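# Coordinates in review
Each chain, written out:
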Amino acid sequence: MSDADREIQERARRFMDEELIPLEVETELGGGRLSEDVREKHHHLAIDLGLWAMNMPKELGGGGLSMFQQVLVSEQIGRVTNGLGWCIHTPPEWAPDVVSREQLERWILPTIRGERQECYAITEELAGSDVDAIQATAGRNGDEYVLNGRKWHVTSFGSADYVFFQGKIEGGPNAGSHAMFFVDKDTPGVRPVREPAYTHTLIDTHTELAFEDVRVPAANLIGSEGDGLKFVYSWFRYERLMIAARCCGAAERLIDEATAFAKDRVQFGRPIIENQAIAHMLADSVTELWAARLMTYELAKNIDRGVDLKVQHAQSSMAKLYASEMANRVADRAVQIFGGRGYMRENVAERFWREVRVDRIWEGTSEIQRNIVADQLAKRGARMLSG
Ligand SMILES: Cc1cc2nc3c(=O)[nH]c(=O)nc-3n(C[C@H](O)[C@H](O)[C@H](O)COP(=O)(O)OP(=O)(O)OC[C@H]3O[C@@H](n4cnc5c(N)ncnc54)[C@H](O)[C@@H]3O)c2cc1C
């Protein structure tokens, strides 16, 4: 790590320790709600600290951080439960290279400034892992497209003011191909259907969202008809790496908290860490964290070095797969070490135990990551993926 890397890591760590971690229990017991004033304060702090839009180019007003530095910040975000760290927002990584001038001015630059926020509407009832099975449609009508579909699990719809809508083109030479659109949340026909309860208690909710004859200007199409999946895969690669980083942060916090408790908690006249059964759970946890962290850091550095895109794709899957499964094992052990306390919602291990579960599901399940890795292994060989 360079001095600049360490400084950014420390800046993010202080923000988490001083501002966000102290609010976790209140957020949990309040069902994921925090006052608007406090949320506003976090939003402005994230901007003032230069962490908001850390992934965007400096010339567009973003932080211009290297991928490795973004991983260092995301690890810190991962140390905090209840999604409180999500006040550090990363606009879509792929967007600046593909959007039109008008789209840049209308959506991306205001997002980089912290004035607007997006969410993603891709998954549907019958199309999850198999993104190509989506049934949402986009039909060209003069200077407009008419969008229809029903989307599931739209994370952060509540705090967003525009949506990336993924649909299949109806009619014309590109019929059946994927396309992505900017859709302002207040466009007539965009209708939140319900906000189901999920396992975690996050500040951000996940909405089921209907698009009913939503008319948007043709200028809202991103790139060309048929480009939609390309943007989704780019988003997946980025998010998989950041999930790996957040899982490393979660594991670090869990290990620190469980170790402190095990040193302090006395049963049968001695601290429970003096029992090999407890000590070995901690030893396994920190060993696996180190392995996951090395993978995550190396992948980030590979991306900064411009490694081949296919290799990046496979390594993002490997890092996400290993780090998310590692964090789940660590969280389970931490609950066990805390005993009955580990089952209480006011306990950090209990919250992480619920929260890291989704990291094995979203942005591609563990099974899908294994499919991707196996496919790339067959095509490129072990040395290319792991050398
Ligand atoms: C909290 C949360 C937030 C989310 N946020 C968003 C969001 O903001 N926007 C969005 O568009 N989506 C979002 N998602 C959707 C998420 O990406 C999907 O849930 C995920 O991709 C899995 O799809 P699915 O749930 O339909 O499961 P399915 O695809 O139905 O899979 C069910 C099971 O079958 C397995 N399976 C499927 N195919 C294969 C295969 N070929 N080989 C082996 N096993 C297989 C899966 O691994 C899984 O175990 C979110 C999901 C959650 C839970």
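Source: prediction; values computed, not measured.

## Observations concerning the side chain of K168
Summarising the element assignment, K168 is placed in strand β4 (residues 162–170). We classify K168 as buried; its relative accessible area is 18%. Among residues more than four places away in sequence, those in contact with K168 are D132, I134, A136, T137, A138, G176, S177 and H178.

## Some thoughts on helix α10 (residues 348–355)
In terms of burial, α10 is a largely internal element, 7 of the 8 residues being buried. Those residues of α10 that fall on the buried side of the exposure criterion are V348, A349, E350, R351, F352, R354 and E355. As for α10, its buried residues are in contact with α2 (24–29), α4 (67–78), α7 (228–264) and α9 (309–338). Of the residues that open α10, the one with a side-chain oxygen 2.7 Å from the backbone nitrogen of A349 is N347.

## Structural notes on the packing of aromatic side chains
The final tally for this structure, using the stated rule, is 16 aromatic pairs. A ring pair is formed by Y120 and W235, whose centres lie 4.3 Å apart and whose planes are at 20°; its orientation type is stacked. With Y120 in strand β1 (residues 118–121) and W235 in helix α7, this residue pair connects regions lying 115 residues apart in the sequence. W235 carries the same exposure label as Y120, and that label is buried. Judged by centre distance (5.7 Å) and plane angle (75°), the rings of Y162 and F164 are edge-to-face. By relative accessible area, which is 0% here, F164 ends up buried. The ring centre of F68 lies 4.6 Å from the NZ or CZ of K301, which sits over that ring. Taking the ring centre of Y322 as reference, the NZ or CZ of R329 above it sits at 5.9 Å.

## Some details on the site of the ligand
Taken together, 19 residues lie near the ligand, and T123, S129, T155, T365 and E367 sit nearest. Take N371: an N or O atom from its side chain is 3.3 Å from a nitrogen atom of the ligand. The fraction of the free accessible surface of the ligand (970 Å²) that becomes covered by protein chains is 63%. Going through the elements one at a time, β3 (144–155) and α11 (366–380) are the ones with two or more residues in the shell around the ligand.

## Thoughts on unusual backbone geometry
Even without being a glycine, N82 presents a positive backbone phi close to 65°. Its relative accessible area of 0% is what places N82 among the buried residues. The backbone of H153 sits at a positive phi, close to 55°, despite the residue not being glycine.

## Thoughts on the pattern of salt bridges
Taken as a whole and judged by the stated rule, the model has 32 salt bridges. One salt bridge connects R79 with D17, and the closest N-O pair in it is separated by 2.8 Å. In this pair, R79 is assigned in the loop between α4 and α5 (95–98) and D17 in helix α1 (residues 3–20), connecting sequence segments 62 residues apart. The buried category is assigned to R79, whose relative accessible area is 7%.

## Remarks on the pairing of strand β5 (residues 178–184)
Of all the 7 residues making up β5, 7 are buried; the element is thus mostly covered by neighbouring parts of the structure. Side chains H178, M180, F182 and D184 of β5 all project onto a buried face; the interleaved residues A179, F181 and V183 project onto the opposite face, where all are buried too. With 7 bridges connecting them, β4 and β5 associate as antiparallel partners. Paired with Y162 across the strands is D184, a residue of β5. Relative to strand β8 (residues 221–222), β5 runs antiparallel, the two being bridged by 2 bridges. Bridge pairing in β8 places F181 opposite L221.

## Looking at the packing of α7 against α10
Running from amino to carboxyl end, α7 crosses α10 at an angle of 150°, the nearest separation of the two axes being 10 Å. On the basis of the axis angle, α7 is roughly antiparallel to α10. Where α7 crosses over α10, the two elements pack in a sense that is left-handed. Here A250, R253, L254 and E257 of α7 lie close against α10, whose contacting residues are V348, A349 and F352.

Rules used throughout
- Residues numbered from 1 in each chain as written.
- Predicted model: local features only at pLDDT ≥ 70, side-chain atom pairs only at ≥ 80, totals over all residues.
- Heavy atoms only, no water.
- Helix = DSSP H or I, 4+ residues; strand = E, 2+ residues; numbered from the N terminus.
- Buried < 20%, exposed > 50% of the residue type's maximum accessible area, 1.4 Å probe, protein only.
- Contact = heavy atoms within 4.5 Å.
- Polar contact = N/O pair within 3.5 Å; in protein donor to acceptor, adjacent residues only side chain to side chain.
- Phe/Tyr/Trp six-rings, centres within 6.5 Å; stacked < 30°, edge-to-face > 60°.
- Lys NZ or Arg CZ within 6 Å of the ring centre and 35° of its normal.
- Near = heavy atom within 4 Å.
- Areas by Shrake-Rupley, 256 points an atom, 1.4 Å probe, with all protein chains shown as cover.
- Salt bridge = Lys/Arg side-chain N within 4 Å of Asp/Glu carboxyl O.
- Pairing = 2+ DSSP bridges.
- Axes fitted to C-alpha atoms, helices over the stretch in contact; angles between N-to-C directions.
- Parallel < 35°, antiparallel > 145°, perpendicular 65-115°, else oblique.
- Left-handed = near helix turned anticlockwise from the far one by under 90°.

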